[in-house]
Every structure is written in C-alpha cells, then in structure tokens.
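Close look at the chain arrangement
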Amino acid sequence: MRLIPFLARRRGGKGWHWTDIVTWVWLAAGLVVIFGPALWLLLSSFKTPAQLAEFPLSILPYASQTALVETKGGPKQLPLFTVDLPEGGTAVMAELNRIGIMANMVRPEAPDQVLKVNIDARKPLREMAFATENYTKPLKEFDFGRYLWNSVFVTVAATLITLITNSMAAFALSKYEFRGRNSVMLIIVATLMIPLSVNLVPLYSVVSWLGLLNNLWGVILPTVATPTGVFMLRQYMLTILDELLEAARMDKASEWQIYWRIVLPLTAPALAVLAIFSVVWRWNDFLWPLIVLSRKELFTLQIGLNTFAGKLNVQWQFILAMTVVSIIPVLIVFIFLQRFTTAGIAGTGLK
Amino acid sequence: MLVFTLFVIVPLGINIAYSTTGGTDLFLPARSYVGGDNFGRLLSCADHLTPATCRDDLFWVAVWNTVRFVLLQVVVLVIVAMATALILNSKIRARGFWRAVFFFPVLLSPVVVGLIWKWIFQRQGLLNYVLFQFGADPVNWLNDRAWAFFASVGVSVWAHVGFYALILLAGLQAIPRDIYEAAELDRTSPARVFRRITLPLLWPNLLVVIVLALIRAVQVFDEVYVLTGGGPGTSTMYLTQYIYETGFASVLRNPGVASAASLLMGGVLVVLTLVQLGLTRWRDRK
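Thresholds applied
Residues numbered from 1 in each chain as written. Chains lettered and ligands numbered in written order. Predicted model: local features only at pLDDT ≥ 70, side-chain atom pairs only at ≥ 80, totals over all residues. Helix = DSSP H or I, 4+ residues; strand = E, 2+ residues; numbered from the N terminus. Buried ≥ 20, exposed ≤ 12 C-beta atoms within 10 Å, placed from the backbone. Contact = placed C-beta atoms within 7 Å. UniProt positions renumbered as here; feature names shortened; annotations may be inferred. Nonpolar A, V, L, I, M, F, W, Y, C, P; charged D, E, K, R; others polar. Domains from an automatic or database assignment. Pairing = 2+ DSSP bridges. Core = buried A, V, L, I, M, F, W, Y, C linked by C-beta atoms within 7 Å. pLDDT = per-residue confidence, 0-100.

A word on the overall build of chain A
On a plain count of helices and strands, chain A comes out with 16 helices and eight strands. Across the 351 residues of chain A, 34% fall into the buried class. Across chain A, contacts joining residues at least 24 apart in sequence account for 66% of those joining residues at least 6 apart.

Some details on the overall build of chain B
Regarding its fold elements, chain B presents twelve helices and two strands. Ordering the α and β elements of chain B from the N terminus gives α-β-β-α-α-α-α-α-α-α-α-α-α-α. Projected onto the principal axes, the alpha-carbon positions of chain B cover approximately 75 × 55 × 40 Å. Expressed as a percentage of contacts within chain B between residues at least 6 apart in sequence, the contacts between residues at least 24 apart total 66%.

Digging into the UniProt feature "transmembrane region" (unreviewed entry) in chain A
All names here are of chain A. Cross-referencing UniProt, the feature "transmembrane region" (unreviewed entry) maps to residues 21–43, 147–172, 184–204, 216–237, 258–281 and 316–337 in the present numbering. For the annotated span residues 21–43, helix accounts for 100% and strand for 0% of the residues, and the straight-line distance between the end C-alpha atoms is 31 Å. Structurally, residues 258–281 comprises 96% helix and 0% strand, and the distance from its first C-alpha atom to its last is 30 Å.

Some thoughts on the interface of chain A and chain B
Listed by partner, the interface residues are 62 residues for chain A and 66 residues for chain B. Sort the elements by how many residues they give to the side of chain A that touches chain B and helix H2 (residues 18–44) of chain A lands first, with 13 residues. Partitioned by chemical class, the residues of the side of chain A that touches chain B number 42 nonpolar, 19 polar and one charged.

Here's the deal with the domain arrangement of chain A
When cut into domains, chain A gives domain 1 (62–128) and domain 2 (135–348). Centre-to-centre, using C-alpha coordinates, domain 1 of chain A lies 57 Å away from domain 2 of chain A.

Details of the pairing of strand S2 (residues 66–71) of chain A
All names here are of chain A. Pairing geometry for S2 and strand S3 (residues 74–84), over six bridges, is antiparallel. Counted as the bridge partner of Ala67 is Leu78 from S3. Between the antiparallel neighbours S2 and S3 lie two residues.

Concerning the nonpolar core
In terms of nonpolar packing, the biggest core is built from 142 residues, with Ala81, Tyr164, Ala165, Leu168 and Val209 of chain B touching the most fellow members. Sort the elements by how many residues they give to this core and helix H3 (residues 57–89) of chain B lands first, with 17 residues. Setting aside its immediate chain neighbours within four residues, Tyr164 of chain B contacts Leu77, Val78, Ala81, Val209 and Ala213 of chain B. Ranked by size, the runner-up nonpolar core spans ten residues in total, among them Val69, Leu80, Val83 and Val117 of chain A.

Re unusual backbone geometry
The general pattern is negative phi for most residues beyond glycine and trans for most peptide bonds. With a phi close to 65°, Lys252 of chain A is a non-glycine residue in the positive phi region. Structurally, Lys252 of chain A can be placed in the loop between helix H10 (242–250) and helix H11 (255–266). The exposure class assigned to Lys252 of chain A is exposed, which follows from the 7 C-beta atoms found within 10 Å. The phi angle at Arg187 of chain B is positive, at roughly 55°, despite the residue not being glycine. Note on placement: Arg187 of chain B falls in the loop between helix H8 (177–185) and helix H9 (190–218).

Some thoughts on the pairing of strand S6 (residues 110–118) of chain A
Two faces make up the sheet, and in a regular strand the side chains alternate between them. Residues and elements named next belong to chain A. Summarising the sheet, strand S5 (residues 102–107) and S6 pair through five bridges and their orientation is antiparallel. Residue Arg107 lies in a different strand from S6, and its bridge partner there is Ala110. Taken together, S5 and the strand that follows it, S6, pair antiparallel across an intervening segment of two residues.

Considering the confidence of the model for chain A
All names here are of chain A. Considering every residue of chain A, the mean pLDDT works out to 79; 89% of them sit at 70 or more. At the low end of the mean pLDDT range in chain A sits helix H16 (residues 342–348), at 46; at the high end sits helix H5 (residues 144–175), at 90. The low-confidence segment residues 341–351 (pLDDT under 50) makes 19 contacts with residues lying over four places distant or belonging to another chain.

Let's talk about the environment of Pro110 of chain B
With respect to the element layout, Pro110 of chain B can be found in helix H5 (residues 110–120). On a C-alpha basis, the gap between Pro110 of chain B and Val155 of chain B in space is 10.0 Å, while along the polypeptide they are 45 residues apart. Once residues within four sequence positions are removed from consideration, Pro110 of chain B is found in contact with Asn284 and Phe286 of chain A together with Asp222, Glu223 and Val226 of chain B.

Concerning the environment of Arg261 of chain A
Along the polypeptide, Arg261 of chain A turns up in helix H11. Distance in space between the C-alpha atoms of Arg261 of chain A and Ala248 of chain A is 10.0 Å, their sequence separation being 13 residues.

Section: the confidence of the model for chain B
Overall, the predicted model of chain B reaches an average pLDDT of 84, with 94% of residues at or above 70. For this predicted complex, the interface score ipTM comes out at 0.82, alongside a pTM of 0.82.

Structure below.
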C-alpha cells in the first residue's frame, strides 16, 4: 500500500499543512456543488416520468426490462421481475396482471403456468436505458423546435449587428477628432449605469411605437447598443497607431476601406471576445424577451422553458431534456472560451 | 448613435414622463398628468418598516425583501468569492481547470440555473434524498417562507460567485510575489500574511467587487423568478419583479407606478455606480 504516501507526497518534500487540507476540501466541495447539479440534470433528463417520480432515487437512468410473451390474448410486451420462488431460489418472470398485492406471473418460456406472487416477493428487473424520447418529443410534437430556431435567429442576428454597429461607433470615437466626441463618450459611459430593469416601461413603449412588439426584431434591436462593447472596442482601437491610417490615406484608401481592411482585422481579438459575450448574453436573455414576446410561436428557448415549467401539470422529463439542449451552445462557448478570455473578463470587468 | 439615442436616452425621458402620468393606457399622449401622485402612492406609509401600513404594501414588501436579500447575498458572495480566489491563487495543480470549474455557472442562463435548482429542491428531489440518507426529515424547500428566501440567496450565490472570484484572482495575481517570499523567509503565519499583506493590497479590488455585487443584487430577478416565482406568497418577491408585474404582468397594469418604482431603484443604482466608478479610478491610480 504505497498509494497513500504517494498521494500525500508533496512537491519540495514538505509535509502537509492545514491550509493544504482546506484547499483540497474547498476544491472538492466546489466541484461537487458546481458540477453535481448540472450532472444531476443530465442524468435526470434521460429518465422516464415513472422513474423521475420514484423515491428513493437512483443515480442512473433505468427502465424496466420487458419480454414478448404469448398470452391467451395474443403476444404482449410484459414487464419482467425477479421473483423469489416459494420452493426457494429465484426466477425471471413476466407480470400478466396485478390484483391488490398479488400478481399473476408467468415464465416467458412457459406462458401457461400462472403463478400467484406477493408483490413484496419480487423485484423489477431493470437495465440502464436512456429515455431519448424526452428529447425528440418536445422538439417534434411541442413547439421546442420553433423556440430553438427563434433563439438561434435572435442570437446570430443580434451578435452580427452588435459587432458591426459597435465597431463602427468605436472606430469613429477613437480615430476621428470631432466636436463633442468627449461628451458622446460620456453619454455612453453614463448609459452603462442605467440597467434594463430600470428602463423597462419606456423601452417597451418605444418598441411598441415602432410596431415591434411580438416581433423577434423587438428583442434584437434594443440589445445591440451595448455600451460595454463600444467602450471595450474603443479602448482596443486606441492602441492602433494613427500612422497606419495616415499611410493608408496616402495610398488613397477610402475611409470605409480603412475601417474594413485595416482597423477591423487589427481589432479581431477584441471583436472575438465581444462576439462570445454577445452570444452568451443573447442566448441567455430572459426578462426582455419575456416582456416583448407574448405569442407562443415567437418564444425563445428560455421563455419557452419558463412557460413550460410554470404550467399546472409540470412535465419535468421534457423540461429537463430541453434545459440540457439549451446548455449545449453555452457549453461550446465555455470550452472555446477557456483558452483566451479568463484573464480578459477579469481585466475589463465585463458583464 | 441613433440606436443609442433611441434606446437609452429617449427612454429615460419617457420614463420620467410615465412616472408623472396616470391611468392604464400605454400610449403616452393618452395619459393624464398626475404630478407626483405615483411617487406619493409608493412612498406614503404610516410606518415604513411594516409594509401593511403602506398605501402600496407590495412595493414595500419588495423593498424589504430586496434589502434582506442584498445584505445576505453580498456578504456570502464576497466571502465565498474571496476564499475561492485565495485558494485558486495558492500553489495548486491544474489551476486553469479549477478556475474554469468555478466560472462555469456564470455562463448558464438564469432560466437554466432556476430550473436546475428547482429540480433539486423538489419535495422528492436530490437534496431531500441526501437528507433522507442521513436520516433527516425532508424539507419543503420552496414552499417554506424562510427556506425559499435562503434558497434564492444560495442559488444566486452559486450562479455568480465564479465571476467575482475571477476578478479577485486577477487582483491577487497582481500582488508582487517577492513580498510573499520575504514573508516566508520571516516565517510569518498564513493568517498574518493574509491580514497584513493580502488584504491591504487587495482592498481596492475588493471594494470594486463589493459595489459591483451590490449593484447586481439590487436588480435580482430572473433566476429567482424561475426558481420560486416570488413565492411562497410574496416572500421572495424582489424589486424588479414588482416593477415587471406592476407594469406588464398583472391585469391592472400600471405603467406609471412601475416607472416611478424603477426610477427610485435607478436612483439607488446610479449612486452605487458613481461610487463604483470613483473606486475604479482610485484603484487604477494606485
């Protein structure tokens, strides 16, 4: 048993200190508390409604095994059980029917010999099974396919428009001298201070005046003017040397060409960060779409999930599965993001 | 710029216009001027500490719920974020991995966060099952006033702690290593190192984090709304939900009162944000 000394060995040959124990307990607890719920969601999403309702819980998704049995009324799929036989030993038997606490059971290979069994003397025979219909059914039969599409549309359109408008504004604010430039910058910083929750009523009335209520564009447009984005891009563009632009002007490049072919490519890292954030923000948006969209066919995934979960007869198996679906894009971003933004987020104080 | 004016500046003006007009009509010209009536309705109270004595009792229920929430959530959040940042900053293996683990919930949508936890808090959910394994009685987490409040605090800490831990971690990494090496040579105890070196040098960052957490906690809405819907009763109804329901969701919607309430909340937020901007400047100068 060299395992424990090996695990306990530390770099530098020093012994354990209480801070090491605290560190590992904290990290282990963090892992459980953070990924535990997410993992539980994933496992639960593959369970059948019957299994979701049972208590005590089982960790993995199971389903009852069934067998095709020749009954008097023709062949039937019947659930299988392990039965403690009265003469001792056990046997795998299928249940024909159940009356009170007694069940009529038969051996699948000999369907004529019916045995009465107390239900306490048997255990359901189960195997691991993934209830994939939790995923396929809402996407096909309910509106979740539609919601998914709406979410993708809003996210992609809002992100593209955000990148274009914000980079243009940032370009103007960093590379041109014009009167009132500083006051414009001040206004933008000031708008950083006013969160959506404060501006709900007026924003709603502006959108309704534009006729964009119950329209996906009503969700997209108010979100594209992200002061954070303009601010971040401007700070980045300030680092681009003006001489570069001057050289391009000498070569008779138009201002549009300068923006499109010089400034934008040089801002690519900042644009990538903004794009990632925009995707996560728009995909996860809740309060604003909740207010603007009241027609069911326009719901985004988040609103659809909330509405579905708020119904009287909550169908958890579908909610759990669709929640998993809604995490997938964020998970992709998460893996992609790992590389280069963890330092960046902390630096800009974004979000 | 047009978009900015349209969606940020103009709304602020309209907000004020709404807050001084009455009626249920959303069309602004059709609304009658009522002056400070909306504010009066919100603010008039025999005793501000007991919402039942107020003209708009729901508003004050929301205010005091929010105050309780903010106080508890920010304290817990900052302590947990601080501990996490300190541990991530110590000599551990695979730091990038652990950093990612704690950051993961930040990317999840509030709806997802709310639903994941709602599922765990179910009467026959995972949490009660764990209790059951230890022989404890099941708790009706989201149907009990006190537990629902603590659940809303816990869930929002869970969802946001990674973000603040990351900011604090960046602050910790900016502290020069040689100070710690000197302390190690002097055999200073870890607690003393923390109190005399880490805390003073991290203080500017910590202040920014506290104010940022305050600003966001005041606006708490989505994940709690999905988790509890504000209930049971009104025990987890916070200010943003009050504004949303007064302005949009209830049958007797009243945009004027919602506007007035949002302006009051906005005032608090602007003060907090100015404090934050000042602190950020101060930090960056240091």
